[in-house]
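The primary structure of each chain is shown beneath.
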Amino acid sequence: MPAHGLRSRVLTDTPGLHHVTGIVGDAQQAVEFYAGTLGLCLAQQTVNFEDLLQHHLYFTDAGGDPGSVLTVFPDPYADDGRVGRPQPERTALAVPEGSLVDWSERLRAAGVEVSPVERLAGDERALQFADPVGTRLELAEDDVPGDPYTARVDESMAVRGLHGVVLQSGNPYATASVLETLGYEYEVETTERVRYRAAGDRATVVDVLLGDAEGGREGPGTYHHVAVRVPEEEALYEWRDLFVERGYECSRVKDRHYFHSLYVREPGGILFELATNTGGLAAGEGDATALSLPEWFESERDLVESQLPRLTVPE
C-alpha cells in the first residue's frame, strides 16, 4: 500500500522516531513498571507543559538519546482509555537477539501476561504485553545501537531503545502518505499491516494497521502522540509551512525545554510531533529524583511540588 506522499520543497528526511508518549494512571506505579520491571532509566521527571499540575516522566536509555525515549503523562483521576481508531496502538522496544526467553521469564515473574508473536514469515520475533493500566507494548528482537541502562536488568537482555510503533489510523492511506512525506519508505505489506521504515540506524519502524477497528478514547492505557526526529529548530518552520499549505491541523513551533517541536494532526487522525534531534535528555538517573522545571515555571515550584506526589526509583 505505498501512498506516494509528495512534498513541495526540499526537506531533510527523518531518521526515525524521537519518542512516544502514553497516558498512564498512578505516577509511582508507572515508575515501578518502566524503571523497575523493564529496567529503563528514569531520565527526567518534569511536568506536562500544557497542565502544570500533571507529571511528565521520561524513560530512556542511559544517555537519554532521541530514539530511545518513552514518556508518560500520569493522570490518576482520568477515566480509562480505549484503544482504537485513530491512535498509536502499540510501542515496540528493541532488545538483543536471543533475549526473549529471559524476558518472558522476567515479565511472568512480575505477574505480567506475555504473548509470543512472529511476523513477516517468521523473520521478526517479539513478545506482546501491557503495562498495569493496559498500555500495549512489545519487545522486539532488534540489535540496534544503544546505551542500555543495566542497573536492574542484565546487559545481555537490556532494552536498547525504541524499535517502532504500530498505528491504528482512521485513514491508512492518508497516514501512509504523511509517513512517506516525512521520508519513510514502504517496505512490506501483509493482510493486517503495512510496514514503513526510515533510513536511520535506530527506532525506524512504523506499522500501519489495516482492517476495521472501533473508535478509541483517550485516557490511561492509550498513547497520546508519536514524535519523529528532525535535525534542528529551523527545519520545524519549513515543515510547518508545508503542513499548513496542505490544510493540516498544525501547532506553532514550541519550546519543550529539552528540545523544540511541532505538532501536526494528519488526515488519518494520528497526532505526530516533529522534535529536534538534540543531545541526551539527562545526565543520569540521580538527577531525575528531583523535579525538573523549565525556567518559565520556576516561580510556581512550591505550588507544583505541593500538588505532585514524590516519586522513588526502584532499587
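The text that follows walks through the structure, step by step, so that each part is easy to find. Throughout this description, residue numbers start from 1 for each chain and increase along the sequence as written. For a predicted model such as this one, the threshold for reporting local features is a pLDDT of at least 70, and the threshold for listing and counting side-chain atom pairs is 80 or more; totals across whole chains, interfaces and linings nevertheless cover every residue. Excluded from the side-chain calculations are hydrogens and water; all other atoms, namely the structure's heavy atoms, are used.

**Observations regarding the pattern of salt bridges**
Next, step 1: Here a salt bridge means any side-chain nitrogen of Lys or Arg lying within 4 Å of a carboxyl oxygen belonging to Asp or Glu. On inspection of all chains with the given rule, the structure shows 14 salt bridges.
Next, step 2: Arg197 serves as the salt-bridge partner of Glu187, at 2.6 Å between the closest nitrogen and oxygen. Here Glu187, found in strand β10 (residues 185-189), pairs with Arg197, found in strand β11 (residues 193-197); they are 10 residues apart in sequence, far enough to count as distant.
Next, step 3: We call a residue buried when its accessible area falls under 20% of the maximum for its residue type, exposed when it is over 50%, and partly exposed in between, using a 1.4 Å probe and counting protein chains only. By relative accessible area, Glu187 is classed as partly exposed at 37%.
Next, step 4: A salt bridge links Asp207 to Arg195, with the shortest nitrogen-to-oxygen separation between them at 2.7 Å. On the criterion of sequence distance, the pair formed by Asp207 in strand β12 (residues 205-209) and Arg195 in strand β11 is long-range, its members being 12 residues apart.
Next, step 5: Residue class for Asp207 comes out buried when judged on its relative accessible area of 2%. Helix numbering and strand numbering both begin at the N terminus, where a helix is a DSSP run of H or I of at least 4 residues and a strand a DSSP run of E of at least 2.

**Describing the sheet that holds strand β9 (residues 161-168)**
Next, step 1: A pair of strands is labelled paired if DSSP reports no fewer than 2 bridges between them. Strands sit in the order β6-β7-β8-β5-β9-β12-β11-β10 across an open sheet of 8 strands; the sheet is mixed. Strands at the two margins of the open sheet, each flanked by one partner only, are β6 (115-119) and β10. The sheet shows a mean angle of 25 degrees between the axes of neighbouring strands, taken without regard to direction.
Next, step 2: Sheet analysis places β10 next to β11, joined by 4 bridges and oriented antiparallel. Counted as the bridge partner of Glu189 is Val194 from β11.
Next, step 3: Here helix α2 (residues 100-109) sits on the sheet and contacts β5 (87-95), β7 (124-130) and β8 (136-141); the angle it forms with β7, its principal contact strand, is near 10 degrees. Think of each axis as a best-fit line through the C-alpha atoms, taken over the contacting stretch in the case of a helix, with angles from 0 to 180 degrees between the N-to-C directions. We call two residues in contact whenever any of their non-hydrogen atoms come within 4.5 Å of each other.

**A closer look at helix α1 (residues 27-37)**
Next, step 1: Of all 11 residues in α1, 9 are buried; the element is thus mostly enclosed.
Next, step 2: For α1, the N-terminal capping position is held by Asp26, with its side-chain oxygen 3.2 Å away from the main-chain nitrogen of Gln28.
Next, step 3: Once α1 ends, the next one or two residues include Gly39, with phi positive near 75 degrees. Polar contacts, as counted here, are pairs of nitrogen or oxygen atoms within 3.5 Å of one another; within protein the pair requires one atom able to donate a hydrogen and one able to accept it, and residues that are adjacent in sequence qualify only if both atoms are side-chain atoms.

**Points about the pairing of strand β13 (residues 222-230)**
Next, step 1: Most of β13 is tucked away, with 8 of its 9 residues classed as buried.
Next, step 2: In this structure, strand β1 (residues 17-24) lies alongside β13, joined through 6 bridges in antiparallel fashion. Residue pairing across strands places Gly22 opposite Tyr223, the latter belonging to β13.
Next, step 3: Of the pairings in the sheet, the one linking β13 to strand β17 (residues 271-276) comprises 5 bridges and is parallel in character. Note that in β17 the partner of Arg229 across the bridge is Ala275.

**Remarks on helix α4 (residues 233-245)**
Next, step 1: One less than the residue count of a helix, multiplied by 1.5 Å, gives the span that helix is expected to have. Counted at 1.5 Å a residue, the expected span for α4 with its 13 residues is 18 Å, and the 19 Å between its end C-alpha atoms agrees.
Next, step 2: Regarding α4, the residues found buried are Ala235, Leu236, Trp239, Leu242 and Phe243. For α4, the buried positions fall inside an angular range of 125 degrees around the axis, keeping them on one side. Opposite the packed face of α4, turned more than 90 degrees from it, sit the exposed residues Glu234 and Glu245.
Next, step 3: On its buried side, α4 packs onto α3 (172-182), β13, β14 (249-250), β16 (260-265) and β17.
Next, step 4: Gly247 sits one or two positions beyond α4 and adopts a positive phi of about 80 degrees. The directions considered for the arc are those from the helix axis to the C-beta atoms.

**Notes on unusual backbone geometry**
Trans is the common state for peptide bonds, and a negative phi is the common state for residues other than glycine.
Next, step 1: Cis rather than trans, the peptide bond between Arg85 and Pro86 has omega equal to -15 degrees.
Next, step 2: Of note, the phi angle at Ala203 is positive, near 55 degrees, even though the residue is not glycine.
Next, step 3: Counting through the fold element by element, Ala203 comes out in the loop between β11 and β12.
Next, step 4: Even without being glycine, His257 reaches a positive phi, approximately 70 degrees.
Next, step 5: Summarising the element assignment, His257 is placed in the loop between β15 (254-255) and β16.
Next, step 6: Judged by its relative accessible area of 32%, His257 falls in the partly exposed class.

**Focus on the nonpolar core**
Next, step 1: With 64 residues, the main nonpolar core has Tyr34, Leu38, Trp103 and Trp239 as its most contacted residues.
Next, step 2: In terms of residue count, the dominant contributor to this core is α1 (6 residues).
Next, step 3: In plain words, nonpolar cores are sets of buried Ala, Val, Leu, Ile, Met, Phe, Trp, Tyr and Cys residues tied together by side-chain atoms within 4.5 Å. One finds Val47, Leu52, Leu291 and Leu293 within the second-largest nonpolar core, a separate group that totals 8 residues.

Taken by themselves, the reported measurements are silent on function.
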